[in-house]
Amino acid sequence: GIQVEQSPPDLILQEGANSTLRCNFSDSVNNLQWFHQNPWGQLINLFYIPSGTKQNGRLSATTVATERYSLLYISSSQTTDSGVYFCADDSYSGGGADGLTFGKGTHLIIQP
Amino acid sequence: SAVISQKPSRDICQRGTSLTIQCQVDSQVTMMFWYRQQPGQSLTLIATANQGSEATYESGFVIDKFPISRPNLTFSTLTVSNMSPEDSSIYLCSVEVGQPYGYTFGSGTRLTVV
């Protein structure tokens, strides 16, 4: 199956700082998504981005499918941005959705 | 996008007992997915549940330990059987709803086995 590598594993920033999180994939990108898991364990869908660039407020994401990587940008960080950020993709085989393979995540701490 | 109601949200269980987790989707979906997230770890796919057929389990997960039911296109249950403290995890269900949303997740069940 597909392998997903995320970097950095941990990131500590001051409020107001910008950050870039990276995701590398071992195979073709199919249904790439970025998630934020809050301290209560809820998984929030940030972006569905198999290719191209999307923006939502202070967050944006870019996927370069030909080079098998994706970037998540967080600008003007706030303490509420703290949590774990996951990227994930599936290995769509033509027989239907296969479920997501997740990276190990980036643990982000925003200090006031 | 689909909305998934998952319950219970959390539970504390005695070792040797079983817990059944339920997920209800507000629309009909072909496949439902169950994941486990052990403390401090990433999410791992347990199994894929199709309506009307046996669930497909990933390597390392077996039906006797994690039986799954899928009686219709909007509902599924996962049972964690004969629990031990190592089963303490967050369990999440998910569905794939296609573009532009991809996969969406239930709010998770935080299980502690004592």
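This one's a predicted model, so the numbers in the text were calculated from it and none came from an experiment.

A. Highlighting the overall build of chain B. On a plain count of helices and strands, chain B comes out with zero helices and eleven strands. Listing each helix as α and each strand as β along chain B from the N terminus yields β-β-β-β-β-β-β-β-β-β-β. The C-alpha radius of gyration computed for chain B amounts to 13 Å, which stays within 12% of the reference 13 Å derived for 114 residues, consistent with globular compactness. Viewed in the frame of its principal axes, chain B has a C-alpha envelope of about 40 × 25 × 25 Å. Burial statistics for chain B: of 114 residues in total, 50% are counted as buried. At a minimum sequence separation of 6, the contacts of chain B that also span at least 24 residues come to 52%. Counting every atom, chain B has about 5,400 Å² of accessible surface; 46% of that belongs to carbon and sulfur. In chain B, 7 positive and 8 negative side-chain charges are present, and the distance between their average locations comes to 8 Å.

B. Main features of the interface of chain B and chain A. Contacts between the two partners involve 20 residues from chain B and, on the opposite side, 23 residues from chain A. Taken together, both faces of the contact between chain B and chain A bury some 1,600 Å²; the carbon and sulfur share is 56%. Where chain B touches chain A, the interface holds zero salt bridges. Summed over the shared surface of chain B and chain A, the result is eight residue pairs in polar contact (both at pLDDT 80 or more). Looking at the side of chain B that touches chain A, the elements that each hand over two or more residues are β4 (31-37), β5 (43-50), β9 (89-96) and β10 (103-105) of chain B. Counting residues per element, the side of chain B that touches chain A draws most heavily on β4(B), which supplies four residues.

C. Structural detail: the pairing of strand β7 (residues 68-72) of chain B. Residue and element names in this part refer to chain B. When β7 meets strand β8 (residues 75-80), the two strands line up antiparallel, connected through three bridges. Across the sheet, the residue bridging to asparagine 72 is phenylalanine 75, located in β8. The antiparallel pairing of β7 with β8 creates a hairpin that spans two residues between the two strands.

D. Region of interest: the sheet that holds strand β7 (residues 59-64) of chain A. Residues and elements named next belong to chain A. Judged by pairing direction, the sheet is antiparallel, and its five strands sit side by side in the order β1-β3-β8-β7-β6 without closing on themselves. If you trace the sheet from one side to the other, it starts and ends with β1 (4-7) and β6 (52-56), each paired once. Averaged over all adjacent pairs, the angle separating strand axes in this sheet is 15°, with direction ignored. In this structure, strand β3 (residues 19-25) lies alongside strand β8 (residues 69-74), joined through six bridges in antiparallel fashion. Bridge pairing in β8 places arginine 22 opposite leucine 71.

E. The arrangement of the environment of A:Ile44 in detail. Residues and elements named next belong to chain A. Along the chain, the position of isoleucine 44 falls in strand β5 (residues 43-48). Taking relative accessible area as the criterion, isoleucine 44 reaches 36% and is therefore assigned partly exposed. Each C-alpha atom, one on isoleucine 44 and one on phenylalanine 86, is 9.9 Å from the other, the two residues being 42 residues apart in sequence. Not counting chain neighbours up to four residues away, the residues in contact with isoleucine 44 comprise Trp34, Phe35 and His36.

Rules used in this analysis
Residues numbered from 1 in each chain as written. Chains lettered and ligands numbered in written order. Predicted model: local features only at pLDDT ≥ 70, side-chain atom pairs only at ≥ 80, totals over all residues. Heavy atoms only, no water. Helix = DSSP H or I, 4+ residues; strand = E, 2+ residues; numbered from the N terminus. Rg over C-alpha atoms; globule rule 2.2 N^0.38 Å. Buried < 20%, exposed > 50% of the residue type's maximum accessible area, 1.4 Å probe, protein only. Contact = heavy atoms within 4.5 Å. Areas by Shrake-Rupley, 256 points an atom, 1.4 Å probe, with all protein chains shown as cover. Lys, Arg positive; Asp, Glu negative; His and termini not counted. Charge placed at Lys NZ, Arg CZ, Asp CG, Glu CD. Buried area = accessible area lost by both parts, 1.4 Å probe. Salt bridge = Lys/Arg side-chain N within 4 Å of Asp/Glu carboxyl O. Polar contact = N/O pair within 3.5 Å; in protein donor to acceptor, adjacent residues only side chain to side chain. Pairing = 2+ DSSP bridges. Axes fitted to C-alpha atoms, helices over the stretch in contact; angles between N-to-C directions.

Interpretation note: all reported values are geometric properties and have no functional meaning in isolation.
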